[in-house]
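# Architecture and fold: a report
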Amino acid sequence: MNGWLTVALLVVSNIFMTFAWYGQLKLQQLKVITSDTPLYIVILLSWGIALLEYLFMVPANRYGFNGNGGAFSLLQLKVIQEAVSLIIFSVFVILFFKGEALHWNHFLAFSLLIIAVYLVFMDS
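Residues numbered from 1 in each chain as written. Predicted model: local features only at pLDDT ≥ 70, side-chain atom pairs only at ≥ 80, totals over all residues. Heavy atoms only, no water.

### Some thoughts on the side chain of serine 13
So the rule is basically this: Counting from the N terminus, the helices are the DSSP runs of H or I reaching at least four residues and the strands are the DSSP runs of E reaching at least two. Relative accessible area decides the class of each residue, using a 1.4 Å probe on protein chains only: under 20% of the type maximum gives buried, over 50% gives exposed, and in between gives partly exposed. Here a polar contact is taken to be a pair of N or O atoms separated by no more than 3.5 Å, where protein atoms must pair a possible hydrogen donor with a possible acceptor and residues adjacent in sequence count only if both atoms sit in side chains. The contact criterion used throughout is that any non-hydrogen atoms of two residues lie within 4.5 Å.
Along the chain, the position of serine 13 falls in helix 1 (residues 3-29). Residue serine 13 is classed as buried on the basis of its relative accessible area, which comes to 0%. A distance of 3.3 Å separates the side chain of serine 13 from the backbone oxygen of glutamate 53, its partner in a polar contact. When neighbours within four sequence positions are excluded, serine 13 is seen to be in contact with Glu53, Phe56 and Met57.

### As for the packing of aromatic side chains
What counts here: Note on aromatic contacts: the rings of Phe and Tyr and the six-membered ring of Trp form a pair at centre separations within 6.5 Å, being stacked when their planes are under 30 degrees apart, edge-to-face when over 60 apart, and tilted otherwise.
Evaluation of the coordinates by the stated rule reveals eight aromatic pairs. Consider the rings of phenylalanine 19 and phenylalanine 92, whose centres lie 5.0 Å apart with planes at 85 degrees: the pair is edge-to-face. In this pair, phenylalanine 19 sits in helix 1 while phenylalanine 92 sits in helix 3 (residues 74-96), placing the two residues 73 residues apart along the sequence. Take phenylalanine 19: its relative accessible area is 33%, and that puts it in the partly exposed class. With relative accessibility at 4%, the residue phenylalanine 92 sits in the buried group. Their ring planes at 50 degrees and their centres at 5.7 Å tell us that phenylalanine 92 and phenylalanine 97 sit as a pair that is tilted. On the basis of relative accessibility, which here comes to 13%, the residue phenylalanine 97 falls in the buried class.

### Some remarks on the nonpolar core
As a rule of thumb, nonpolar side chains are buried together in soluble globular proteins. Basically, it comes down to this: We call a set of buried Ala, Val, Leu, Ile, Met, Phe, Trp, Tyr and Cys residues a nonpolar core when their side-chain atoms join them within 4.5 Å.
Ranked by size, the top nonpolar core spans ten residues in total: Val7, Leu9, Leu10, Met57, Ala60, Phe72, Leu77, Ile80, Val84 and Ile88. Of all the secondary-structure elements, those providing two or more residues to this core are helix 1, helix 2 (39-64) and helix 3. It is helix 3 that provides the largest number of residues to this core, a total of four residues. When near neighbours in sequence (up to four residues on either side) are disregarded, leucine 77 contacts Thr6, Ala60, Asn61, Gly64, Phe65 and Phe72.

Nothing here speaks to function; it is geometry throughout.
Okay, here's the thing in structure tokens:
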């Protein structure tokens, strides 16, 4: 599988994952759900969204893995996924949680993750 297609699937997967994990907090702010909404309802809603995540994550990992003819080693896939996850989460926070600020230490941490992606792709 093309490496870029793997990354695109990981991006879509992480968008769904972020909404599954943190979207309920925004729904609570918007009063779509309340703190009185039973937890099992919130969990079922999140699971429904997470199912969509799995529909993209599993193919990304399966077809992106070089053991299946893909472009990436298992370690490379994991580091790419983590970097994509933090990028998607950062965009989510900026767009939907305006009160949450990103500070210099967050940017430093993200920079270190980019360095981690670089390092994992280096030949040893």
